[in-house]
Amino acid sequence: MEFFIDTADLEQIKIAHSMGILDGVTTNPSLMSTIGIKGKKQIMKHYLDICSIVDGPVSAEVLSTDYKGMVSEGEELNDLHRNIIVKLPMTQDGVKAIRHLSNMGIRTNCTLVFSVGQALVAAKAGATYVSPFVGRLDDVSSDGLSLIKEIKQVYLNYDKCQLDTKILAASIRNQMHIINCAKIGADVITAPLNVLQSLINHPLTDIGMNKFIEDTKKFI
Ligand code: E4P
């Protein structure tokens, strides 16, 4: 399973990268606005900054909502750096743009996916990644992990010549989401830094470490 960090914050990306377990990065317009990025020039530079930290897939979302705009932005983002994955929404124009970009050999991530039908369409359109939002489904009392399980089941029914899309479980809110996605066999999870870090922590590890430190003092 690959680990992506879901942030546009360069310091957090650096911390996650220094842990040695980071495979890629996902961003979205909300995450970009949180860190105060403004204007096309800054946006493009920011993606290059992210790519200079992590040598792996970096999802950069198109801001246009119409087919033509998405395609031209997608081409521009793809030209920016070899690690950029063009992120597009699950809308009719988005699907059309994914098909077009995919025909050109450009890698895409279909975002805002909340149903198996949408995941099937994303795969049919040739998306490299599909991003089902686990946490946002849980937020509305639906079951985000069941969606991951069902998408996995559907994709497994077909060989890679027919459907070749990776499941990128998004909107991950806690370590149980990650563990359950791993049990299901999601290809990738994308999570905030604190959730990735929470995988490392265990109270018994802390107690054990403190005891080792105390006992070390007795013979050093
Ligand atoms: C996916 O790529 C999105 O950026 C993200 O995972 C959404 O997460 P949220 O529901 O916590 O905003």
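Residues numbered from 1 in each chain as written. Predicted model: local features only at pLDDT ≥ 70, side-chain atom pairs only at ≥ 80, totals over all residues. Heavy atoms only, no water.

**Student:** What am I meant to see in the overall build of the protein here?
**Tutor:** Of the regular secondary structure elements, the protein holds 11 helices and 8 strands. If you line up the protein on its principal axes, its C-alpha atoms span 70 × 40 × 35 Å. Buried residues in the protein amount to 45% of all 220 residues. Within the protein, contacts between residues at least 6 apart in sequence are counted, and of these 56% link residues at least 24 apart. Total accessible area on the protein is roughly 11400 Å²; 55% of this is exposed by carbon and sulfur atoms. (Helix = DSSP H or I, 4+ residues; strand = E, 2+ residues; numbered from the N terminus. Buried < 20%, exposed > 50% of the residue type's maximum accessible area, 1.4 Å probe, protein only. Contact = heavy atoms within 4.5 Å. Areas by Shrake-Rupley, 256 points an atom, 1.4 Å probe, with all protein chains shown as cover.)

**Student:** Mind showing me how you'd approach the packing of helix H4 (residues 67-80) against helix H5 (residues 92-103) here?
**Tutor:** Angle between the axes and distance between the axes: these two values describe a pair of packed helices. It is at 9 Å that the axes of H4 and H5 come closest, and there the two elements cross at 40 degrees. As judged from the angle between their axes, H4 and H5 are oblique. Crossing handedness for the pair H4 and H5: right-handed. Two secondary-structure elements touch here, H4 through Tyr67, Met70, Val71, Gly74 and Glu75 and H5 through Asp93, Gly94, Lys96, Ala97, His100 and Leu101. (Axes fitted to C-alpha atoms, helices over the stretch in contact; angles between N-to-C directions. Parallel < 35°, antiparallel > 145°, perpendicular 65-115°, else oblique. Left-handed = near helix turned anticlockwise from the far one by under 90°.)

**Student:** When you look at the sheet that holds strand E2 (residues 24-26) in this model, what are you seeing that I'm missing?
**Tutor:** In any sheet, the strands associate via hydrogen bonds between backbone groups, in a parallel or an antiparallel arrangement. With parallel pairing, the 8 strands of this closed barrel are ordered in space as E1-E2-E3-E4-E5-E6-E7-E8. Neighbour-to-neighbour, the strand axes of the sheet open up by a mean angle of 30 degrees, direction not taken into account. Pairing between strand E6 (residues 129-132) and strand E7 (residues 166-169): 2 bridges, direction parallel. Its bridge partner being in E7, Tyr129 is matched across the sheet by Lys166. (Pairing = 2+ DSSP bridges.)

**Student:** Explain the site of the ligand here, please?
**Tutor:** Taken together, Asp6, Asn28, Lys87, Phe133, Arg136, Ala170, Ser171 and Arg173 form the complete shell of residues around the ligand. For the ligand, an oxygen atom lies 2.7 Å from a polar atom in the side chain of Arg136. Arg173 places a polar side-chain atom, nitrogen or oxygen, 2.9 Å from an oxygen atom of the ligand. In isolation the ligand offers 350 Å² of accessible surface; the protein chains occlude 85% of this area. When its residues are assigned to classes, the shell around the ligand shows 2 nonpolar, 2 polar and 4 charged. (Near = heavy atom within 4 Å. Polar contact = N/O pair within 3.5 Å; in protein donor to acceptor, adjacent residues only side chain to side chain. Nonpolar A, V, L, I, M, F, W, Y, C, P; charged D, E, K, R; others polar.)

In short, shape yes, function no, at least from these values alone.
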